[in-house]
Structures are given as C-alpha cells and as structure tokens.
Amino acid sequence: MESLKNKIVFITGATSGIGKACAEEFARAGSNLILCARRPDLLNSISEGLRTEFGVKVFSFELDVRDRKAVESAVASFPEEWKAIDILVNNAGLAKGMSKFYEDDPDNWEEMIDTNVKGLLYVSHAVVPLMVKRNSGHIINLGSIAGHEPYPKGSVYCASKHAVDAITKSLRMDLVETNIRVSSIDPGMVETNFSVIRFGGDEEKAKNVYRGLEPLTGKDIAETILFMASRPAHVVIADVVIFPTHQASATISYKKV
Ligand code: NDP
Ligand code: 8X3
C-alpha cells in the first residue's frame, strides 16, 4: 500500500455525500486537499473543519464545473505548489427527475449532461496536462451502475454515466504510455443528497428509494476510493462496481417492508 500522506487530492463536489466523505477520508490519511463546489459557505466550513481535525492543508474555492471558462481559469491560477495534483476525484454530479423519456423536462437533460459529462471533461482537460507534465497522477471518475445498465425513467442520467464510462476507458488508452492511472467507481444505491436532488427536494420520496435495505454510505465509497488510490504504482484498479448487499443490479434489489 502506498502512503497518501502529503499527496495533493482534488475533489469536485465536496460539499455533500460521496465528495465530502472522500475529503474526510483523504484528510484522515494525511492528504492535502483541493476542494470545490457551488456553495462557498458550506465549502468553507467543511474546509475549516478538516484543517482543524486533521492538520492538513485545504485549498478550496467556489466552482460550477459546468462553466468551462471558470474551470480553466481556476486551475490555471492555482498556486504553483497546488498544481502538483496527485489524485483527481471527478465526483461532482447529479440526477434531475425520474420520468419516462417522453415526459421528461429537457432542462433536466441539460443540467445532467452539462454537469456529469461536460463538467467532468472540463475539469479533466484542465488537470490532466499538469499530470502529463509530471508523468504522474491518478484520475478517479464517479460513474454509476447507471453507466453499465440503463433503467426505465433514467434515460439521460444513464446516458451521462455511460458517457463517463466511455471517457474513462478512452482516457486510460490515451495515457497508456504514461505513469498516469485512470479508474472509475460505479456504485449502486448510496444514501446521500442524491435522491433529494433527483426528486426536486422531496425528502420523503428520496427516503423511499432506500427504505427496506441498508444502502451504501458516502464513507463506503470513499474508503474504496482510498484503496484504489493507495495501490502500488504498477497497479490500476480500472473499475469497481459496488452495491449494497441486497442490491443485485440497477433494477433488482431486495427490500424488507
Ligand atoms: P450529493 O447530491 O450528496 O453530492 C453531489 C455533490 O456534487 C455536491 O457536493 C454538489 O455541491 C456537487 N455538485 C453538483 N453540481 C455541481 C456543479 N455544477 N459544480 C460543482 N459541484 C457540483 O450526491 P452524491 O454524493 O451521491 O453524488 C456524487 C457523485 O456520485 C455523482 O457524480 C453521482 O452521480 C455519483 N453516484 C451517486 C450514487 C448514489 O446512489 N448516491 C450512485 C452512483 C454514482 P454543490 O451543490 O455545493 O455544488
Ligand atoms: C446513482 C445510482 O441507481 O440511482 O447513480 O442510478 S442509480
């Protein structure tokens, strides 16, 4: 196992769920963090908490990954010591709505594609050249079981995560002659704010998604990401599909009601 102490880890979408749990677990391992999200107050209080609890350095800034110019200028203006990014966790993402394709609101499509696909591309495109220059780095993308199996009422979210899968695989090919590793982690049900956002703030509907089984937590995903990031340099864990024990596919789970 490679030490993660003093590594520089850039996590997008660090104010909630999986991204926030990754920030905590990397900080616990002694990594220094670059964190971004759209809610600056929350981001600042999370950053301050991590500095105090773990004594690590945290550089955080407000960023909407959908804004290409903002992504480019933010990364270009990182202080020099923060440009040596060891690990990029492309986590920022969301689902909006869950309805039959022909009843979907196209505004939701824009938001999912702009965030999950284009945002991931913009951040990667800004960061990967810094890794190529150093011939070192690890990109870990948050895909989903939705990127392996489409399911009803999820066409565009599933399409966005299939795109993440394709980008992950293609980027790994483009970097094969370098020491840079490219991985994805593809969870099933993780109880975060994900379903609350998907259902437009309806907390009850969100709770129902997980009722009757024990879902994964952000910490479960973060711990797996740390395992992937701490393999020896000659090992790349290309893809991890991870479910709660009572989930067997995107559409099959066992719930005690
Ligand atoms: P949460 O809603 O709890 O967290 C999402 C995070 O992404 C927040 O920190 C949010 O911060 C950030 N974010 C959203 N849009 C943007 C944006 N445009 N720019 C910057 N940051 C943004 O959800 P999860 O933690 O569950 O989701 C994280 C990732 O994991 C997503 O890519 C999701 O698709 C994936 N995933 C989730 C699963 C689940 O069951 N929960 C399963 C499989 C994959 P802010 O609002 O402050 O910008
Ligand atoms: C989130 C998991 O099954 O809701 O990516 O699509 S699922």
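From a predicted model like this one, the values you see are computed outputs, not experimental measurements.

Parameters at a glance
- Residues numbered from 1 in each chain as written.
- Chains lettered and ligands numbered in written order.
- Predicted model: local features only at pLDDT ≥ 70, side-chain atom pairs only at ≥ 80, totals over all residues.
- Heavy atoms only, no water.
- Near = heavy atom within 4 Å.
- Polar contact = N/O pair within 3.5 Å; in protein donor to acceptor, adjacent residues only side chain to side chain.
- Areas by Shrake-Rupley, 256 points an atom, 1.4 Å probe, with all protein chains shown as cover.
- Nonpolar A, V, L, I, M, F, W, Y, C, P; charged D, E, K, R; others polar.
- Axes fitted to C-alpha atoms, helices over the stretch in contact; angles between N-to-C directions.
- Helix = DSSP H or I, 4+ residues; strand = E, 2+ residues; numbered from the N terminus.
- Parallel < 35°, antiparallel > 145°, perpendicular 65-115°, else oblique.
- Left-handed = near helix turned anticlockwise from the far one by under 90°.
- Contact = heavy atoms within 4.5 Å.
- Core = buried A, V, L, I, M, F, W, Y, C linked by side-chain atoms within 4.5 Å.
- Buried < 20%, exposed > 50% of the residue type's maximum accessible area, 1.4 Å probe, protein only.
- Phe/Tyr/Trp six-rings, centres within 6.5 Å; stacked < 30°, edge-to-face > 60°.

Caption draft 1: Expanded view of the site of ligand 1. As a structural note, the neighbourhood of ligand 1 is formed by 29 residues, with Thr15, Ser16, Arg38, Tyr157 and Thr192 the closest of them. The contact in question runs from an oxygen atom of ligand 1 to an N or O atom on the backbone of Val190, over 2.9 Å. A distance of 3.1 Å is found between an oxygen atom of ligand 1 and a backbone nitrogen or oxygen belonging to Asn193. Across the complex, the protein chains shield 96% of the 890 Å² of accessible surface that ligand 1 would expose by itself. Along the lines of polarity and charge, the residues of the shell around ligand 1 split into 12 nonpolar, 12 polar and five charged.

Caption draft 2: Broad picture of the packing of helix α1 (residues 17–28) against helix α2 (residues 40–54). Taken N-terminus to C-terminus, the directions of α1 and α2 make an angle of 20°; their axes are 10 Å apart at the nearest point. By the angle between their axes, α1 is roughly parallel relative to α2. At the point where α1 passes α2, the crossing takes the right-handed sense. Along the contact surface, α1 presents Lys20, Ala23, Glu24, Ala27 and Arg28, while α2 presents Ile46, Leu50 and Phe54. A per-class count over the contact of α1 with α2 returns five nonpolar, no polar and three charged.

Caption draft 3: Just the nonpolar core, in detail. If you look at the biggest cluster of nonpolar residues, it comprises 34 residues, and the most contacted ones within it are Ile11, Phe26, Leu33, Leu35, Ile185, Ile221 and Ile225. Of all elements in the fold, only β1 (8–12), α1, β2 (32–37), α2, β4 (87–90), β5 (138–142), α8 (218–229) and β7 (239–242) reach the threshold of two or more residues within this core. If we ignore the near neighbours within four places in the chain, the residues touching Ile185 are Ile140, Asn141, Leu142, Gly143, Ser144, Ile221, Thr224, Ile225, Met228, Asp239, Val240 and Ile242. Residues Ile34, Cys36, Val127 and Val182 belong to the second largest nonpolar core, which totals 26 residues.

Caption draft 4: The site of ligand 2, seen in detail. Close contacts around ligand 2 come from Ser144, Ile145, Ala146, Tyr151, Tyr157, Gly188, Phe194 and Arg198, and that covers them all. The side chain of Ser144 places a nitrogen or oxygen atom 2.6 Å from an oxygen atom of ligand 2. Here an oxygen atom of ligand 2 sits 2.5 Å away from a polar atom, N or O, in the side chain of Tyr157. In isolation ligand 2 exposes 240 Å². Once the protein is present, 84% of that is buried.

Caption draft 5: Representation of the environment of Ala23 within the structure. Looking at the secondary structure, you find Ala23 in helix α1. For Ala23, a relative accessible area of 0% gives the class buried. Sequence spacing of Ala23 and Gly13 is 10 residues, and the spatial spacing of their C-alpha atoms is 9.9 Å. Apart from the residues within four sequence positions on either side, Ala23 is in contact with Ile11, Leu33, Leu35 and Leu50.

Caption draft 6: Structural context of the packing of aromatic side chains. Counted by the stated rule, this structure contains eight aromatic pairs. Ring centres 5.7 Å apart and planes at 70° place the aromatic pair Phe10 and Phe78 in the edge-to-face group. Highlighted residues: Phe10 in strand β1 and Phe78 in the loop between α3 (68–76) and β4, separated in sequence by 68 residues. Accessibility classification places Phe10 together with Phe78 in one group, the buried group. Taking 5.5 Å as the distance between ring centres and 90° as the angle between the ring planes, the aromatic pair formed by Phe59 and Phe78 counts as edge-to-face. Of this pair, Phe59 sits in strand β3 (residues 58–62) while Phe78 sits in the loop between α3 and β4, and the two are 19 residues apart along the sequence.

On their own, these measurements won't tell you what the molecule is for.
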